[in-house]
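Coordinates in review
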Amino acid sequence: MIIFLKENVEKGSQELERLYDFISNFPKVETRLLELQGETRTVRELHLIGNTHHIPEEVIRGMRGVEKVVRVSTKYRQIGRHDVNFVPPGFTYNGITFDQESLHIFAGPCAVDTPEYIEETFKGLKSLGIETARMGAYKPRTSPYDFQGHGARCLPWVFDLAGKYGIKVIAMEVLKESHIQEIIDALETAGHPTGVMLQIGTRNAQNFELLKAVGSQTELPVLYKRGMGLTIEESLNACEYIASEGNRNIVFCLRGIKTQMSLPHRNLADFIHIPVIHRKTRLPVCIDPSHPIGSKDHAPNGLLDIFNAAAQGVIAGANMILVETHPEPEAALCDGQQSLTLPELEKFVEDVAICREAFEKRVNNYSQGMLKEMSSKAAQG
Ligand code: PEP
Ligand code: MN
């Protein structure tokens, strides 16, 4: 059971103490007070865990300080939305707000390679007005003989260069617990010129110990990628490990699922699940069109499959895009075959803007139409 508290009900308030008193009458019920700090408001909820069937909902609903009471039917209680009318507050990290309304493009190479290429990338992003980047220092590769990433030693110069070009957040994958501290320490030593969103790759989508590790720190937000062979329910339950450890600054990423039916693409883009994640959870949704497509193939009209995949996601309300770019894709140490050049990225950004405008028009058109229909029905009595 979740008790949504009224806006002014804080820790230590009389209203909350009365609620705790009342709940203490029921054995085997644990309480957890959750605070979700959004850009414009803070949502506070009291989560009741355990044997809650005997707790009378109506009594709680009538108590002072209670906004509403919801019986939870999904296991992913903290990331779950539970009530379609609840507007999730999102979160702000390093000046960038992530929620179910916003849209950010995180572009950059699959893996960090040379300072020259990274500088050129950041410079290119800055010229396009982009403050968010992607790049891996630690790379999970299919073959042990492929480039595994530069690891912690590249972090100082990557962070310095990011700061120089006004990059606020870099999405960076971690493969094991010690990588988290290496990133936190490097940011600290560099004087926080930028920020990092810790990325959980699809191969670690059910690495529960790693999920607990990124969840038990709250300094850095987490980008959780759906498991390429997991159902939505399995991935959401795994993602809940992050929130259950205390970190609720999470973005859920769709990156395609593994099936032979995706051929000639690497994976099958699953972006139709954006609205599903939006209604089932409070999380902003990211799409990664680069990994499911896996090439620079294009339609006879010239539009790259990567553009078309991203378009599907943006037109359905995506909140973040991870896209691989490289100043010289043929020289990239990883995934060059699907990396956009910087001029292609410029076109990509324009294409995203066209799709975003169409998405906004679609939402407006539909909701206005529905409102009209509802008011004419009401008028008919
Ligand atoms: C990546 O984004 O760099 C990556 C490895 O993606 P995925 O985990 O989705 O394969
Ligand atoms: Mn890649």
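Residues numbered from 1 in each chain as written. Chains lettered and ligands numbered in written order. Predicted model: local features only at pLDDT ≥ 70, side-chain atom pairs only at ≥ 80, totals over all residues. Heavy atoms only, no water.

**Some words on the environment of isoleucine 293**
- Structurally, isoleucine 293 can be placed in helix 9 (residues 290-293).
- Taking C-alpha positions, isoleucine 293 is 17 Å from glycine 201, a pair spaced 92 residues apart along the chain.
- Sequence-distant contacts of isoleucine 293, that is, excluding residues within four places in its chain, are made with His265, Arg266, Asp305, Ile306 and Ala309. (Helix = DSSP H or I, 4+ residues; strand = E, 2+ residues; numbered from the N terminus. Contact = heavy atoms within 4.5 Å.)

**Quick look at the coordination of the manganese ion (ligand 2)**
- Protein coordination at the manganese ion (ligand 2): the donors are Cys110 (SG), His291 (NE2), Glu324 (OE) and Asp335 (OD), at 2.0 to 2.4 Å from the metal.
- The sequence pattern formed by the donor residues of the manganese ion (ligand 2) is C-x180-H-x32-E-x10-D. Of the two residues, cysteine 110 is situated in the loop between strand 7 (104-108) and helix 3 (115-127) and histidine 291 in helix 9; the sequence distance between them amounts to 181 residues.
- Here cysteine 110 falls in the buried class, since its relative accessible area comes to 2%. (Donors = N, O, S within 2.8 Å, 3.2 Å for Na, K, Ca; no water. Buried < 20%, exposed > 50% of the residue type's maximum accessible area, 1.4 Å probe, protein only.)

**Considerations on the environment of lysine 164**
- In this structure, lysine 164 sits in helix 4 (residues 155-164).
- Here lysine 164 falls in the exposed class, since its relative accessible area comes to 53%.
- Lysine 164 sits 30 residues away from threonine 194 along the chain, and the two C-alpha atoms are 9.1 Å apart.

**Some details on the site of ligand 1**
- Close to ligand 1 lie Arg134, Lys139, Glu173, Gln199, Gly201, Thr202, Arg203, Lys225, Arg255 and His291.
- Lysine 225 places a polar side-chain atom, nitrogen or oxygen, 2.8 Å from an oxygen atom of ligand 1.
- Measuring from an oxygen atom of ligand 1, one finds a side-chain N or O atom of arginine 255 at 2.6 Å.
- Protein chains shield 97% of the accessible area of ligand 1, which is 290 Å² for the free molecule.
- The residue makeup of the shell around ligand 1, split by class, is no nonpolar, four polar and six charged. (Near = heavy atom within 4 Å. Polar contact = N/O pair within 3.5 Å; in protein donor to acceptor, adjacent residues only side chain to side chain. Areas by Shrake-Rupley, 256 points an atom, 1.4 Å probe, with all protein chains shown as cover. Nonpolar A, V, L, I, M, F, W, Y, C, P; charged D, E, K, R; others polar.)

**Quick look at the sheet that holds strand 2 (residues 29-37)**
- An order of 2-3-1-4 is seen for the four strands of this open sheet, with the pairing classed as antiparallel. Strands with a single pairing partner mark the edges of an open sheet, and in this sheet they are strand 2 and strand 4 (66-70). With direction set aside, neighbouring strand axes in the sheet form an average angle of 20 degrees.
- Relative to strand 3 (residues 42-50), strand 2 runs antiparallel, the two sharing nine bridges. Considered in strand 3, the bridge of glutamate 30 is made with isoleucine 49. (Pairing = 2+ DSSP bridges. Axes fitted to C-alpha atoms, helices over the stretch in contact; angles between N-to-C directions.)

**Describing helix 6 (residues 208-215)**
- Listed in full, the buried residues belonging to helix 6 are Leu210, Leu211, Ala213, Val214 and Gly215.
- Along its buried surface, helix 6 packs onto helix 5 (177-190), strand 10 (195-200), strand 11 (222-225) and helix 7 (232-244).

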